4 protein chains.
Amino acid sequence: MAAAHRARSSSATRHFPERDMQLGMIGLGRMGADMVRRLTKGGQQCIAYDVQPAAVEKLKQDGVAGAASLEDLVAQLQKPRAVWLMVPAAVVDKTLENLVPLLEPGDIVIDGGNSYYHDDIRRSAELAQRGLHYVDVGTSGGVAGRERGYCLMIGGETEVVKRLEPIFSTLAPGAGAAPATPGRAAGSTADQGFLHCGPQGAGHFVKMVHNGIEYGMMAAYAEGLNILRHADAGKHAREADAETSPLRRPELYQYELNLAEVTEVWRRGSVIGSWLLDLIAGSLVSDADLQSYAGRVSDSGEGRWTVAAAIDEGVPTPVLSAALFARFSSRGDADFANRVLSAMRHDFGGHVEKAATPADGHKS
Amino acid sequence: MAAAHRARSSSATRHFPERDMQLGMIGLGRMGADMVRRLTKGGQQCIAYDVQPAAVEKLKQDGVAGAASLEDLVAQLQKPRAVWLMVPAAVVDKTLENLVPLLEPGDIVIDGGNSYYHDDIRRSAELAQRGLHYVDVGTSGGVAGRERGYCLMIGGETEVVKRLEPIFSTLAPGAGAAPATPGRAAGSTADQGFLHCGPQGAGHFVKMVHNGIEYGMMAAYAEGLNILRHADAGKHAREADAETSPLRRPELYQYELNLAEVTEVWRRGSVIGSWLLDLIAGSLVSDADLQSYAGRVSDSGEGRWTVAAAIDEGVPTPVLSAALFARFSSRGDADFANRVLSAMRHDFGGHVEKAATPADGHKS
Amino acid sequence: MAAAHRARSSSATRHFPERDMQLGMIGLGRMGADMVRRLTKGGQQCIAYDVQPAAVEKLKQDGVAGAASLEDLVAQLQKPRAVWLMVPAAVVDKTLENLVPLLEPGDIVIDGGNSYYHDDIRRSAELAQRGLHYVDVGTSGGVAGRERGYCLMIGGETEVVKRLEPIFSTLAPGAGAAPATPGRAAGSTADQGFLHCGPQGAGHFVKMVHNGIEYGMMAAYAEGLNILRHADAGKHAREADAETSPLRRPELYQYELNLAEVTEVWRRGSVIGSWLLDLIAGSLVSDADLQSYAGRVSDSGEGRWTVAAAIDEGVPTPVLSAALFARFSSRGDADFANRVLSAMRHDFGGHVEKAATPADGHKS
Amino acid sequence: MAAAHRARSSSATRHFPERDMQLGMIGLGRMGADMVRRLTKGGQQCIAYDVQPAAVEKLKQDGVAGAASLEDLVAQLQKPRAVWLMVPAAVVDKTLENLVPLLEPGDIVIDGGNSYYHDDIRRSAELAQRGLHYVDVGTSGGVAGRERGYCLMIGGETEVVKRLEPIFSTLAPGAGAAPATPGRAAGSTADQGFLHCGPQGAGHFVKMVHNGIEYGMMAAYAEGLNILRHADAGKHAREADAETSPLRRPELYQYELNLAEVTEVWRRGSVIGSWLLDLIAGSLVSDADLQSYAGRVSDSGEGRWTVAAAIDEGVPTPVLSAALFARFSSRGDADFANRVLSAMRHDFGGHVEKAATPADGHKS
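So, here is what we can say about the structure in this document. (Residues numbered from 1 in each chain as written. Chains lettered and ligands numbered in written order. Predicted model: local features only at pLDDT ≥ 70, side-chain atom pairs only at ≥ 80, totals over all residues. Heavy atoms only, no water.)

### So, the overall build of chain A
Rules: Under the scheme used here, helices are H or I runs from DSSP no shorter than 4 residues and strands are E runs no shorter than 2 residues, and both carry numbers assigned from the N terminus. We call a residue buried when its accessible area falls under 20% of the maximum for its residue type, exposed when it is over 50%, and partly exposed in between, using a 1.4 Å probe and counting protein chains only. By definition in these notes, contact holds between two residues if any of their heavy atoms fall within 4.5 Å. For the purpose of charge, His is not counted, nor are the chain termini; Lys and Arg are scored as positive and Asp and Glu as negative. We put the charge of a Lys on NZ, of an Arg on CZ, of an Asp on CG and of a Glu on CD.
Each helix and strand counted, chain A has 14 helices and eight strands in total. For chain A, the spread of C-alpha atoms along the principal axes amounts to about 75 × 45 × 45 Å. Across the 364 residues of chain A, 65% fall into the buried class. Sequence-distant contacts, at least 24 apart, represent 67% of the contacts inside chain A between residues at least 6 apart. Across chain A, the mean location of the 37 positive side-chain charges is 4 Å away from that of the 44 negative side-chain charges.

### Observations concerning the interface of chain B and chain C
Counted only if it meets this: The term buried area denotes the loss of accessible surface (1.4 Å probe radius) that occurs when two parts are joined, taken as the sum for both partners. Salt bridge, as used here: a side-chain nitrogen of Lys or Arg that lies within 4 Å of a carboxyl oxygen of Asp or Glu. Polar contacts, as counted here, are pairs of nitrogen or oxygen atoms within 3.5 Å of one another; within protein the pair requires one atom able to donate a hydrogen and one able to accept it, and residues that are adjacent in sequence qualify only if both atoms are side-chain atoms.
Between chain B and chain C, the contact holds 96 residues from the first and 95 residues from the second. Each partner contributes to the roughly 7,900 Å² buried at the junction of chain B and chain C, and carbon and sulfur atoms together form 67% of this total. A per-residue breakdown of the area chain B buries against chain C is headed by Ile227, Tyr255 and Arg268 of chain B, which together make up 10% of the total. At the junction of chain B and chain C, the tally comes to four salt bridges. In this structure, the salt-bridge partner of Arg184 of chain B is Glu261 of chain C, at a minimum N-O distance of 2.8 Å. Summed over the shared surface of chain B and chain C, the result is 38 residue pairs in polar contact (both at pLDDT 80 or more).

### Some thoughts on the packing of aromatic side chains
The condition is simple: In summary, the pairing rule links any two rings of Phe, Tyr or Trp, Trp by its six-membered ring, whose centres are within 6.5 Å, and it sorts them by plane angle into stacked for under 30 degrees, edge-to-face for over 60 and tilted for everything else. Charges are assigned to positions over rings by a cutoff of 6 Å between ring centre and Lys NZ or Arg CZ, combined with an angular limit of 35 degrees from the ring normal.
With the rule as written, the count across this model stands at 40 aromatic pairs over all chains. For the pair Phe168 of chain B and Phe194 of chain B, a centre-to-centre distance of 6.0 Å together with 40° between the ring planes defines the contact as tilted. Here Phe168 of chain B is found in helix α8 (residues 165-171), whereas its partner Phe194 of chain B is found in strand β8 (residues 194-198), with 26 residues between them in sequence. Comparing Phe168 of chain B with Phe194 of chain B shows no difference in burial state: the two are buried. An aromatic cluster is present here, built from Tyr116, Tyr117, Phe205 and Trp305 of chain A together with Tyr253 and Tyr255 of chain D joined pairwise through their rings. Positioned over the ring face of Trp275 of chain A is Arg148 of chain A, at 3.9 Å from the centre of the ring. The ring of Phe336 of chain B carries Arg229 of chain A above its face, with NZ or CZ at 4.3 Å from the centroid.

### So, the relation of the copies chain C and chain A
To be explicit about the condition: When the copies are superposed, the least-squares fit takes in the C-alpha atoms of residues with a pLDDT of at least 70 in both.
Note on the copies: chain C fits chain A at an RMSD of 0.0 Å, the axial shift is 0.0 Å, and the rotation between them is 180°. Seen this way, the second copy is the image of the first under a two-fold rotation axis. In terms of C-alpha distance to the rotation axis, chain C has Ala308 of chain C as its closest residue, with the C-alpha 3.1 Å off the axis. Both copies present the same face, since 100% of the interface residues in chain C are matched by interface residues at the equivalent positions in chain A.

### Considerations on the environment of Asp191 of chain D
Residue and element names in this part refer to chain D. You can see Asp191 is positioned in the loop between α8 (165-171) and β8 (194-198). Of the residues examined, Asp191 reaches a relative accessible area of 11% and is grouped as buried. In terms of polar contacts, Asp191 uses its side chain to reach the side chain of Arg184, at 2.9 Å.

### Overview of the packing of helix α9 (residues 202-229) of chain A against helix α12 (residues 302-313) of chain A
Residues and elements named next belong to chain A. To be explicit about the condition: In this analysis, axes come from line fits to C-alpha atoms, helices being fitted only over the stretch in contact, and the angle between any two N-to-C directions falls in the range 0 to 180 degrees. Every angle not falling under 35 degrees, over 145, or within 65 to 115 is termed oblique; those three ranges are roughly parallel, roughly antiparallel and roughly perpendicular. Side-chain classes are defined by residue name, with Ala, Val, Leu, Ile, Met, Phe, Trp, Tyr, Cys and Pro counting as nonpolar, Asp, Glu, Lys and Arg as charged, and the others, Gly among them, as polar.
One way to put it is that α9 packs onto α12 with a least axis distance of 8 Å and a crossing angle of 105°. Taken together, the axes of α9 and α12 lie roughly perpendicular to each other. Taken together, the residues of α12 that come into contact with α9 (itself represented by Phe205, Met208, Val209, Asn211, Gly212 and Tyr215) are Glu302, Gly303, Trp305, Thr306, Ala309 and Glu313. In the contact of α9 with α12, the residues fall into six nonpolar, four polar and two charged.

### A word on the sheet that holds strand β7 (residues 151-155) of chain B
For clarity, the cut-off: The criterion for strand pairing is that DSSP finds at least two bridges linking the strands in question.
One open sheet accounts for eight strands, arranged β3-β2-β1-β4-β5-β6-β7-β8 (chain B); its pairing is mixed. Every interior strand has two partners, whereas the edge strands, β3 (65-66) and β8 of chain B, have only one. Of the pairings in the sheet, the one linking strand β5 (residues 108-111) of chain B to strand β6 (residues 133-140) of chain B comprises four bridges and is parallel in character. Residue Ile110 of chain B lies in a different strand from β6 of chain B, and its bridge partner there is Val135 of chain B. Lying on the sheet, helix α4 (residues 92-99) of chain B is in contact with β1 (22-26), β4 (82-85) and β5 of chain B; it crosses β4 of chain B at an angle near 155°. The sheet contacts of helix α10 (residues 259-266) of chain C involve β7 and β8 of chain B, and relative to β7 of chain B the element is tilted by about 145°.

### Side note on the state of the cysteines
Residues and elements named next belong to chain A. Selection rule: We call a pair of cysteine sulfur atoms a disulfide when they lie within 2.5 Å.
Per the counting criterion, the structure on display carries zero disulfides over all chains. No disulfide involves Cys197; its sulfur sits 8.7 Å from the nearest other cysteine sulfur, which is in Cys151. A relative accessible area of 10% means that Cys197 is categorised as buried.

### Structural notes on the interface of chain C and chain A
Contacts between the two partners involve 20 residues from chain C and, on the opposite side, 20 residues from chain A. The contact between chain C and chain A buries some 1,500 Å² in all, and 76% of this surface belongs to carbon and sulfur atoms. Of all residues in chain C, Ile311, Pro316 and Phe325 of chain C bury the most surface against chain A, accounting for 43% of the area lost on that side. Applying the counting criterion to the chain C and chain A interface returns two residue pairs in polar contact (both at pLDDT 80 or more). Elements supplying a minimum of two residues to the side of chain C that touches chain A: α12 (302-313) and α13 (318-330) of chain C. Counted by class, the side of chain C that touches chain A contains 13 nonpolar, four polar and three charged residues.

### Remarks on empty space enclosed by the protein
Stated precisely, the cut-off is as follows: Using a 1 Å grid laid over the protein atoms alone, points where a 1.4 Å probe fits but cannot get out form a cavity; open sets with protein on both sides within 12 Å along at least 5 of 7 lines form a pocket; any residue with an atom within 4 Å of a point counts as lining. Grid points are joined across faces, edges and corners, and a volume is the space filled by probe spheres set on the points.
This model, assessed by the stated rule, comprises 13 cavities of 30 Å³ or more. Here the largest cavity defines a volume of roughly 110 Å³. Together, 15 residues line the largest cavity, and Ala322 of chain A, Ala322 of chain B, Ala322 of chain C together with Pro318 and Ala322 of chain D are the ones closest to its centre. Looking at the lining of the largest cavity, the elements that each hand over two or more residues are α13 (318-330) of chain A, α13 (318-330) of chain B, α13 of chain C together with α13 (318-330) of chain D. Partitioned by chemical class, the residues of the lining of the largest cavity number 11 nonpolar, four polar and no charged.

Quick look at the structure:
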């Protein structure tokens, strides 16, 4: 994937005016603070606010303008204002409750977090009644975004999104972040790494599916690596009892593979190269068995919403849903179902559950 | 499912002669011993053998003839002999190694256990070279079989299978075990509960797929009951952090369902009635939370072989394979894959794994 | 599964008073009309209404009282009234719009169709504001229910559900429909085939999951039978080109299995016996290849809602969702996804799509 | 992903001696011919042979030495010889049958195609009896490999693999093809794009799992894009009948997304960037609806073998298997299973199959 982030000042391919623009940022967590830094470095003017004054202070030390309160933030912004929310999805509505009364018709509210697009549709209608514009931005890039730039998937009114292009353009990685796609006509902002996907909610809809795909890709790598890790299964005597399926040809499973090396070699020339693979290869360098993790995998909503959308649309998603459910299971949420299975096996076949052995034990 | 087992003496619908027949039974575990008892009660003459003399003694006390050794067993049987193996799949080959030299051309060896049909094909060819006949019998019925009768899926040569019909007929549940299927012509042994499926291996092939289906059905019930069990999810405060997907409408998940009652009501008139459901309903009567199980679900081969056969044939089996893999996961075999997922989440998003909470805890 | 439906007049095990009760039935489709017939035969008094006068006429010829309009229906019913809706889920709200203004406080509205339980929660709150009671009844039994009885899963207020017991008791199969579950204490209505599951919505919630399980069971049988059907794969020359995975050991796939016989034999004594299996066995008698079906499998909502509920609860349902998605795919809804796969294969490997061959052709 | 292929002559980071080495190449299809060209350009000496003389002629015109027969090829090679087979997996054994008698102890046979690793283990044992060395090389890179270089996963004896390093090093992309992984110690060939994974079969084992992961990743993208494509589901009237699940909130599915733009924007800065995504973005530029494909997706073995290995090892692979089965279904192999479902629905519920509508029709 894209080598280094293209230096912004020397860009020859940028299509859009990058005139300075002013943006108020609410929420200075990891993502929000890094975005302010990238915007500032790119020549945009930010006024930063967070409910935690310390977070504001930290950015002020980096030369960014700070606000002491929402009122202060709004007061410092030129009209029509543009305010970007980078807060947990769960507190967006509460933040809007406090912010909206301070705004004036023509102002723009941008939700750059991980909101459910259902909420975008509702909120944009509510804000429209006050003459306010609402823009939803699905933001991908994670902790690497400050340097690499952020991939931005945007929903909202065309004119309003257009007005914000200097912001989007500065946050995005830029065209140099990937080789040009053969045959593509020039002129689309997608080449820069940001895209106006459609009306309100479209940005978070596309980001939601993006994350759904991410779940599937991650699971594909994880399952494959698990197979490689157990390629020495034939070396380990398996218990020979009626409750254990025998390994018929142990001579086929005698490989002790070095996963750090395997993932590294895949990074060059293979069909499955990706940024996620780059990350796995990095993790395995320092912790070959990934013993620093317990394997309880969280999900933060988008995977669920993706499958729910697929069901609404009648689109089959066996892979994305399997990836989602594997996460649920990793947290113990299949336990009762498993007990039901054991109870049935006991009752029809007299099968007794085997005692637990150290999970994945032969390698630990 | 079938009320009581039809009394064999009063059968009016039995199509096949039930002349007495002699059978040697090797392997007097739960299944083998019960089959001897059912055969004896049904008028067939059994000679019973097991590597554990105590198992033979126990049956002798019930009036069954016993053998002290394989040689003794073979010596007591009239020619051409019929010997039924009811031993773990893993020791069939070893048993044959000792048994086969004692037999004579025309004798029949029956494998009634859970052998892989690949082995049947190999073994039947090996035995044919010595003039011996090989019959494979997939046997379903479990611990209830002694009373209910056994469903028998049979592979082998037509004449040989025909010769064994008195045995099969006595082991099978009989036609009264289920209402007649509308429109079926009379005369098939399938109506009695045993079927000559095809040449050697066909019996275990059909039994293998039978068990594959069983995995799928069991998982369907288990997953459904797990959903019902968590229908009170809205009553439990979920942590509100970026690592936890919020329950958007807790008011929709306020049900505290009594699963023993729900499974009982489904037993009458519903579309999902089955013998497996009868068993679940029974389990939940005495142990509503199934706390006597840990949820480590074994698999004994047939589910794996079913999916492997589907892959060879190019037949999609998303449900049967999902059921199989859920069992693997229940035993911790996804652990490394899950750690890979957590490592990726950490590296691209800075996500830190949440500490384990008591699995399925709110009900325990 | 339960033999014949126990004659109601001779019931010795019925626990609940079966005093006559009056019920208005709206919707005389297949289900509604049959339920009226079963209620009438069981001694309950029904007044039947349908938007199609012909449907009312037909029942009147069977001696059932009919109504010419909703007003007429309401007028004929004694107070407090009980009105049962048996109409498509999509027209329940519209029916209520017309019906509710005609009712009086204390009256009961029962929705016996396939409503989403979300709607039950909403509707029951709306009706409560007018002093009306709402009861949701998940009804399983299909076209066989008139004779076998219906399995009823009920949500609503305890007193109201209690008041309707004569109706539920008459519709349900009765205790004789299945053998008693060992160890169960007597006295539960679940033994009769109806159950008060919880407050409003609980009935349809349980029925929803019931149908989700049904999807999984059906898919388990379907996948298994598909494997059996292709057990002769080794007899058919497979094209040997780079786009076709070779069958390595064709000698293992030489079985030509008779599925009508196999499903019949499974009906007696096997672990996978069920009412659904009884139906499959029946279908295969007259149409061994099921050529009267095209294989476009509809879904009518409950499977989708089940998976959506599982996702909300965080409960893994790999099997139930795989079953749902297989239905979507059967209707061509994976087509674009498949084209994406072919495009990728072309672009990285130069693979050209193979021409279509007659699907499942070797058997047709 | 890796920008341009690093010019080989100017390499400063290559660790391994690139002394000229001689290689016989058997099989001049797309892959074999391109590999010869890359090797030749990189300074290695190739002698090329194919059963099609025209293929040899074509390379000779490019200045590559050709052989007229296997005998000729063997005669031209210096001892100990190194012969690389790049032929379809199905003809490897036949080629070896002809080649092996011509070779002498100490010679090396390399299978660079897509052989099943089971065959590697068998073949290497057979060749060892004649004093021949066997090396298996899983080769990824596809049609782009000539320019990008090939990712090589290698199994065999350590000394033998070492001897071939000049060949591997020239075929591989080189270290510059991807940024260095932070924290990795220098010196591994994995950084160059080739890896000695383990003893014979290990190369194809790792390549097999690589392809299994590829299936999963491809399916993740395909499913996600299918969801995006149907984001306008609310604009299309859905039939309102009992066989069709209603779209409850059509206002949530009003988006008409441009997939060529969406995949392009994901290429910069997003978490799901990859080479496969680059290819999809390219495909959609010229054929937005992918109408040039029918969606019948082939599989060429590795996906099947991956899942079979997982089953042997007891490793859950719900995602990889779902991806595999989706391909089977795309070719109509679920048809009989679907007919079984429709038959059941008809028999329990009287449901009649809906007539086919143009698949994915609203967009075509």
